[in-house]
Amino acid sequence: MRKKIVAGNWKMNTSISKGEQLVVEIVEKSKGINGVLLIVAPPFTHLTKVADKLGNTRVALSAQNCAAETSGAYTGEVAASMIADAGAKYCILGHSERREYYGETDETLNKKLAQCFANNLIPIFCVGEKLAERESNHHFEVVKAQLSNTVFNLSEDDFGKVIIAYEPVWAIGTGKTATPDQAQEIHAFIRKTLAEKFGAKASDTPILYGGSCNPANAKSLFANEDVDGGLIGGASLKADDFITIAASF
Ligand code: 13P
């Protein structure tokens, strides 16, 4: 059985105290939900404080990014070892906002993947096409290239730990969601692509959907065979919405 996961990507939102309040509420309200791994990904500055609030609760902690290098003279960067030290177990990598605004390439992402595994952080690795690529029917090849240039380079062992998030760029923060059929179609394609490289192990890989996922559409998205949960942006900033999404399996 694949893990079901709902992860909240807070992006560059909340103050530290708001973030603490939010996780306290999430922990409290998630008590009735079983069989779903909940993850929150606050900004770097919040990690240690949020980790303290999470303690040994069922909610796990993630960063939103990590440095490509181990340590040293890289002003402004945060190493995977520091993220792990702060109490996080997961790290989002390759989010389209990082690819788009910070020039993250497959080459950088390969280094970041290595940093995560060297520090026992589980990557939540994002892929997804832009609107023009979807409209010109190139989404399959775009997503395949994003995987084959990066995740395909992992050892079988490391691949067995990775979480994939499919986030069509045109659906992020736009209120426009992939239809359940579109999501299932490309999630199945992602799994098939991973299986071509890693064989049966790919059937255990959680593949999350991200892009305007909310309490109203989560159920119809998560009902699909190959949609194992969601990576939630805007709706993860409200405990009630996040919890309703987590209860949508
Ligand atoms: P929204 O849910 O705000 O569309 O963001 C999705 C996302 O980018 C999560 O990583």
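Use the structure listed above.
Bear in mind the structure is a predicted one, so any value in this text is a computation, not a measurement.

Caption draft 1: Quick look at the nonpolar core. Ranked by internal contacts, the top residues of the largest apolar core, which has 63 residues, are V40, I164 and I190. For V40, the contacting residues outside a window of four places in its chain are G8, W10, V23, I26, V50, L54, V59, A60, L61, S62 and F242. A60, I124, I163 and A165 belong to the second largest nonpolar core, which has 14 residues in total.

Caption draft 2: Seen up close, the packing of helix 1 (residues 16-29) against helix 2 (residues 47-54). The N-to-C vectors of helix 1 and helix 2 enclose an angle of 25°; their axes lie 9 Å apart at closest approach. One element, helix 1, and the other, helix 2, form an angle in the roughly parallel class. Two packed elements cross with a definite hand, and for helix 1 against helix 2 that hand is right-handed. In this structure, helix 1 uses I16, G19, E20, V23, V24 and V27 to contact helix 2, whose residues at the interface are K49, V50, K53 and L54. Among the residues making up the contact of helix 1 with helix 2, the classes are represented as six nonpolar, one polar and three charged.

Caption draft 3: Structural detail: the site of the ligand. In the neighbourhood of the ligand, the contacting residues comprise N9, K11, H95, E167, A171, I172, G173, G211, S212, L231, G233 and G234. Between the ligand and the protein, one listed contact pairs an oxygen atom with a side-chain N or O atom of H95 at 2.7 Å. Side-chain polar atom of E167 to an oxygen atom of the ligand: 2.8 Å apart, as the coordinates give it. Class assignment of the residues belonging to the shell around the ligand gives a composition of three nonpolar, seven polar and two charged.

Caption draft 4: Summary view of the sheet that holds strand 5 (residues 122-127). Spatially, the eight strands close up into a barrel ordered 1-2-3-4-5-6-7-8, and their pairing is parallel. Here the strands of the sheet are splayed against their neighbours by 25° on average, with no regard to which way each runs. Across the sheet, helix 9 (residues 180-198) touches strand 5, strand 6 (163-166) and strand 7 (207-210), and the angle it forms with strand 7 is around 145°.

Caption draft 5: Geometry of unusual backbone geometry. Residue K11 is not a glycine yet carries a positive backbone phi of 50°. By secondary structure assignment, the location of K11 is in the loop between strand 1 (5-9) and helix 1. Of note, N137 is a non-glycine position whose phi angle comes to about 65°, a positive value. Relative to the elements of secondary structure, N137 occurs in the loop between helix 6 (131-135) and helix 7 (139-148).

So, how was this worked out
- Residues numbered from 1 in each chain as written.
- Predicted model: local features only at pLDDT ≥ 70, side-chain atom pairs only at ≥ 80, totals over all residues.
- Heavy atoms only, no water.
- Core = buried A, V, L, I, M, F, W, Y, C linked by side-chain atoms within 4.5 Å.
- Buried < 20%, exposed > 50% of the residue type's maximum accessible area, 1.4 Å probe, protein only.
- Contact = heavy atoms within 4.5 Å.
- Axes fitted to C-alpha atoms, helices over the stretch in contact; angles between N-to-C directions.
- Helix = DSSP H or I, 4+ residues; strand = E, 2+ residues; numbered from the N terminus.
- Parallel < 35°, antiparallel > 145°, perpendicular 65-115°, else oblique.
- Left-handed = near helix turned anticlockwise from the far one by under 90°.
- Nonpolar A, V, L, I, M, F, W, Y, C, P; charged D, E, K, R; others polar.
- Near = heavy atom within 4 Å.
- Polar contact = N/O pair within 3.5 Å; in protein donor to acceptor, adjacent residues only side chain to side chain.
- Pairing = 2+ DSSP bridges.

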